[in-house]
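Listed below, chain by chain, are the residues.
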Amino acid sequence: MSEPSTEEEFTARLRALSSRYWDSHPFHLRLHAGELSKDELRLWAANRWYYQRCIPRKDAAILANCPDQDVRRQWRERIVWHDGERAGEGGAENWLRMAEALGLTREEVLDERHVLPGTRFAVDAYVTFARTRPWVEAVASGLTEMFSRGLMTRRLADMRERYPWIAEEGFTYFTTRLKVIEGEGKSTLDLVVRNCRTREHQDAAVAALAFKCDVLRAILDAVDYYAVGGADRTTGRS
Ligand SMILES: O=C(O)c1cc(C(=O)O)c2c(n1)C(=O)C(=O)c1cc(C(=O)O)[nH]c1-2
């Protein structure tokens, strides 16, 4: 069996996956350049909703699989952040408000009528991964968040500038997310490094992060196909 990487080498291997992250996806490039129509932005928000909705279930699967009380105490905060302490609060609620600011009704987002098959398959694969893999691999798969801060900061600035018709309340999801993201990314990285001491575990964590990058890109592939081609969502034909 190979020797484990040092902490620095292991961290560098994880960070190197940033090239596979969804910031460079053509759909994100068009979003940032201000090139999306209102319908395309709505399709994006309604599909991302399915990801947002499933994240707390993914995190609950991690809790269920994790025997370490300290880790569980730290991790459960994520579920509270997304679901809120009570109805009408939390990240999921703020995502819905953004969808409304883009012109969608709450009902059409909640009933998932715009969620594309590719989005559903990709997001469901992420939840299944967290349910079925060791908890530390599932935690490692969430490390895409290390890469998300720069992207989200740019997205917020570009959307405010390039889509001035979006009301400021629509951006609360991103402004509040940005406040927690740096701390979460760093503590998640520490957790993965501390708990992956063999080469085998380190390789599994790198593979988990690569898998997650593919989940995210698959969501945008689905949205991009229907947005660019103007394909009919029931037949898939242009
Ligand atoms: O807007 C983005 O680009 C972006 C990316 C990611 C990510 O990289 O996984 C997350 C989020 N946003 C996000 O808002 C969020 O709550 C989140 C949770 C997770 C996760 O895997 O647990 N990723 C992300």
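Residues numbered from 1 in each chain as written. Predicted model: local features only at pLDDT ≥ 70, side-chain atom pairs only at ≥ 80, totals over all residues.

A.B. asks: I keep staring at the overall build of the protein chain and nothing clicks. Help me out?
C.D. replies: The number of helices and strands found in the protein chain is 11 helices and 0 strands. Taken from the N to the C terminus, the helices and strands of the protein chain come in the order α-α-α-α-α-α-α-α-α-α-α. Here the protein chain holds 238 residues, and 33% of them are scored as buried. Excluding contacts between residues fewer than 6 apart, the proportion of contacts in the protein chain whose partners are at least 24 apart in sequence is 80%. (Helix = DSSP H or I, 4+ residues; strand = E, 2+ residues; numbered from the N terminus. Buried ≥ 20, exposed ≤ 12 C-beta atoms within 10 Å, placed from the backbone. Contact = placed C-beta atoms within 7 Å.)

A.B. asks: Help me out: how do you make sense of unusual backbone geometry in this one?
C.D. replies: A negative phi holds for most residues other than glycine; trans holds for most peptide bonds. One non-glycine residue, E112, lies in positive phi territory at about 65°. The residue E112 is located in the loop between α6 (106–110) and α7 (117–132) in this model. Since 14 C-beta atoms lie within 10 Å of it, E112 is described here as partly exposed.

A.B. asks: Got a minute to help me understand the UniProt feature "domain: Thiaminase-2/PQQC" (unreviewed entry) in the protein chain in this structure?
C.D. replies: As recorded in UniProt, the feature "domain: Thiaminase-2/PQQC" (unreviewed entry) lies at residues 12–221. Taken end to end, residues 12–221 has its terminal C-alpha atoms 27 Å apart, with 75% of it in helix and 0% in strand. (UniProt positions renumbered as here; feature names shortened; annotations may be inferred.)

A.B. asks: Whenever I open this one, the packing of helix α9 (residues 145–162) against helix α10 (residues 172–195) confuses me. Can you help?
C.D. replies: The relative placement of two packed helices is expressed as an angle between their axes plus a distance between the axes. At their nearest, the axes of α9 and α10 sit 8 Å apart, and the two run at 160° to each other. As judged from the angle between their axes, α9 and α10 are roughly antiparallel. Crossing hand, α9 versus α10: left-handed. Two secondary-structure elements touch here, α9 through E145, M146, S148, R149, M152, T153, R155 and L156 and α10 through F174, R177, L178, I181, E182, E184, G185, T188 and L189. Of the residues contributing to the contact of α9 with α10, the split by class is 7 nonpolar, 4 polar and 6 charged. (Axes fitted to C-alpha atoms, helices over the stretch in contact; angles between N-to-C directions. Parallel < 35°, antiparallel > 145°, perpendicular 65-115°, else oblique. Left-handed = near helix turned anticlockwise from the far one by under 90°. Nonpolar A, V, L, I, M, F, W, Y, C, P; charged D, E, K, R; others polar.)

A.B. asks: What is the right way to look at the site of the ligand in this model?
C.D. replies: Around the ligand, the structure places I55, G142, T144, E145, S148, L151, M152, R177 and L216. Broken down by element, the residue count for the shell around the ligand peaks at 4 residues, all from α9. Broken down by class, the residue content of the shell around the ligand amounts to 4 nonpolar, 3 polar and 2 charged. (Near = placed C-beta within 6 Å.)

A.B. asks: What's the story with the environment of E168 in this structure? I'm lost.
C.D. replies: Checked against the element boundaries, E168 lands in the loop between α9 and α10. On the basis of neighbour counts, which here come to 9 C-beta atoms within 10 Å, the residue E168 falls in the exposed class. Taking the C-alpha atoms as reference, E168 lies 9.1 Å from M98; in sequence the two are 70 residues apart.

A.B. asks: Explanation requested: the nonpolar core in the structure shown.
C.D. replies: Looking at soluble globular proteins, one finds that nonpolar side chains tend to be buried together. Ranked by internal contacts, the top residues of the largest apolar core, which has 54 residues, are A45, A99, A205 and V223. Here this core gets 12 residues from one element, more than from any other, and that element is helix α11 (residues 199–229). If near-sequence neighbours (up to four positions away) are discounted, A45 is found in contact with M98, A99, L102 and L104. (Core = buried A, V, L, I, M, F, W, Y, C linked by C-beta atoms within 7 Å.)

A.B. asks: Looking at this structure, I do not really get the packing of helix α3 (residues 38–65) against helix α4 (residues 69–83). What am I missing?
C.D. replies: Packing of α3 against α4 brings their axes to within 9 Å, and their N-to-C directions diverge by 165°. In terms of their interaxial angle, α3 and α4 are classed as roughly antiparallel. Crossing of α3 over α4 shows left-handed handedness. Residues I55, P56, D59, A60, I62 and L63 of α3 form the contact with α4, whose own contacting residues are R72, W75, R76, R78, I79, H82 and D83. Tallied by class, residues from the contact of α3 with α4 come to 7 nonpolar, 1 polar and 5 charged.

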